[in-house]
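Reading the structure
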Amino acid sequence: MLKYPILLPIGLMVFLALLTFWINQTVQEEASRMTSVNRHAPDYMLYNFVSTRTDAGGHIKYVLAASQMRHYPDSDYTELDRPRFTQFGENMPYTQIYGQKGKISGNGKLVEFVKQVKVVRQATAEKGEMQLKTEQLFVEPDTDIAYTDLPVTIHQQPGSVVTGTGMRFDKKSDTMQLFNRVHVHYERAPVAVNAAPAAKPAKTKSTATTKRATPKIKAIIKDR
């Protein structure tokens, strides 16, 4: 027989209390680990995503599409695969923006395009097509403004090329600003000349190239 029989139930209670505490701690640590692992997990996904925004008059202002869209509740950001953004304007050529990846802010006021970003402004009767290439571009759909701090290359038909670092484009005013290391190669469109027996052959192309600007020089391009 035990000399102190009261110690048996006390010891058993202490053992059970320690066991309960250990199980509780183990479960909490596991739950915490699982929460940490799944913290940046999408709460929903959409395939072949298309979103259309109209103005007060019911006209289409822009269309945003992507092959896949994922929303993350922890940051309230939406990630896009192969995003395509088409922006419209009254009596203006529409502009399309492509990228390999994209991101939409929680309030929907900022769209980011990254990796092989390409902007195409369609040609009109007065001016040729314009293409801009960069690796990152931020777009504010409601203000019709796009900007980047990275290098850009702009091709304006028939053969003009502009390069620079840092760009801001305002679609409402059709004005583009380049901020650093601006280099311009301008090629004028061919000029039609009426045929005349004694006339000298007309030059069909004029090319002018500017030297690279200093880093603080800013160029403003009016796309009219």
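Here's what I pulled together on the structure shown here. (Residues numbered from 1 in each chain as written. Predicted model: local features only at pLDDT ≥ 70, side-chain atom pairs only at ≥ 80, totals over all residues. Heavy atoms only, no water.)

1. Examining the overall build of the protein chain
- Along its length, the protein chain carries 1 helix and 13 strands.
- Buried residues in the protein chain amount to 31% of all 224 residues.
- Considering only residue pairs separated by 6 or more positions, the protein chain has 42% of its internal contacts joining residues 24 or more positions apart.
- Roughly 15000 Å² of accessible area belongs to the protein chain as shown, and the carbon and sulfur atoms make up 58% of that amount. (Helix = DSSP H or I, 4+ residues; strand = E, 2+ residues; numbered from the N terminus. Buried < 20%, exposed > 50% of the residue type's maximum accessible area, 1.4 Å probe, protein only. Contact = heavy atoms within 4.5 Å. Areas by Shrake-Rupley, 256 points an atom, 1.4 Å probe, with all protein chains shown as cover.)

2. Describing the pattern of salt bridges
- Evaluated as defined, the whole model comprises 5 salt bridges.
- The shortest N-O distance in the salt bridge between Arg 53 and Asp 142 comes to 3.2 Å. Of this pair, Arg 53 sits in strand β1 (residues 44-54) while Asp 142 sits in the loop between β8 (130-140) and β9 (145-156), and the two are 89 residues apart along the sequence.
- The closest approach of N and O atoms between Arg 70 and Asp 81, which form a salt bridge, is 2.9 Å. Of the two residues, Arg 70 is situated in strand β2 (residues 60-72) and Asp 81 in strand β3 (residues 77-81); the sequence distance between them amounts to 11 residues. (Salt bridge = Lys/Arg side-chain N within 4 Å of Asp/Glu carboxyl O.)

3. Section: the environment of His 59
- Within the secondary structure layout, His 59 lies in the loop between β1 and β2.
- His 59 gets classed as exposed once you look at its relative accessible area, which sits at 54%.
- Note: C-alpha distance between His 59 and Glu 90 (31 residues apart in sequence) is 9.0 Å.
- Ignoring sequence-local partners within four residues, the contact set of His 59 consists of Arg 53 and Thr 54.

4. Topic: the packing of aromatic side chains
- Tallied over the entire structure, the rule returns 4 aromatic pairs.
- Consider the rings of Tyr 62 and Phe 85, whose centres lie 5.2 Å apart with planes at 35°: the pair is tilted. Pair noted here: Tyr 62 is in strand β2 and Phe 85 is in strand β4 (residues 84-89), with a separation of 23 residues, a long-range link. For the pair Tyr 62 and Phe 85, a shared accessibility class is recorded, and that class is buried.
- Each ring, one from Phe 138 and one from Tyr 147, has its centre 5.6 Å from the other, and the planes form 20°; the classification is stacked.
- For Tyr 147, a relative accessible area of 25% corresponds to the partly exposed category.
- Clustering of aromatic rings is evident, with ring pairs tying together Tyr 62, Phe 85 and Phe 113.
- In this structure, Lys 103 is placed above the aromatic ring of Tyr 77, and the distance from its NZ or CZ to the ring centre is 5.2 Å. (Phe/Tyr/Trp six-rings, centres within 6.5 Å; stacked < 30°, edge-to-face > 60°. Lys NZ or Arg CZ within 6 Å of the ring centre and 35° of its normal.)

5. Looking at the side chain of Glu 112
- By secondary structure assignment, the location of Glu 112 is in strand β7 (residues 111-121).
- In this structure Glu 112 is buried but unpaired, with Lys 103 as the nearest side chain of opposite charge at 4.7 Å.
- A polar side-chain atom of Glu 112 sits 2.8 Å from a polar atom in the side chain of Gln 136.
- Apart from residues no more than four positions distant in its own chain, Glu 112 is found in contact with Lys 101, Gly 102, Lys 103, Gln 136, Leu 137 and Phe 138. (Lys, Arg positive; Asp, Glu negative; His and termini not counted. Polar contact = N/O pair within 3.5 Å; in protein donor to acceptor, adjacent residues only side chain to side chain.)

6. Here's the deal with unusual backbone geometry
- Looking along the chain, the bond that leaves Gln 157 and enters Pro 158 is cis, with omega of 15°.
- Its location among the elements puts Pro 158 in the loop between β9 and β10 (160-170).
- The backbone of Asn 48 shows a phi angle near 50°, a positive value even though the residue is not glycine.
- Take Asn 48: it is sitting in strand β1.

7. Digging into the nonpolar core
- Counting residues in each nonpolar core, the largest one holds 26 residues, and the members touching the most others are Ile 97, Leu 137 and Met 167.
- At the level of secondary structure, the elements contributing two or more residues to this core comprise β2, β7, β8, β9, β10 and β11 (175-188).
- What Leu 137 contacts, discounting residues up to four positions off in sequence, is Ile 97, Val 111, Glu 112, Phe 113, Val 117, Val 119, Ala 146, Tyr 147, Thr 148 and Met 167. (Core = buried A, V, L, I, M, F, W, Y, C linked by side-chain atoms within 4.5 Å.)

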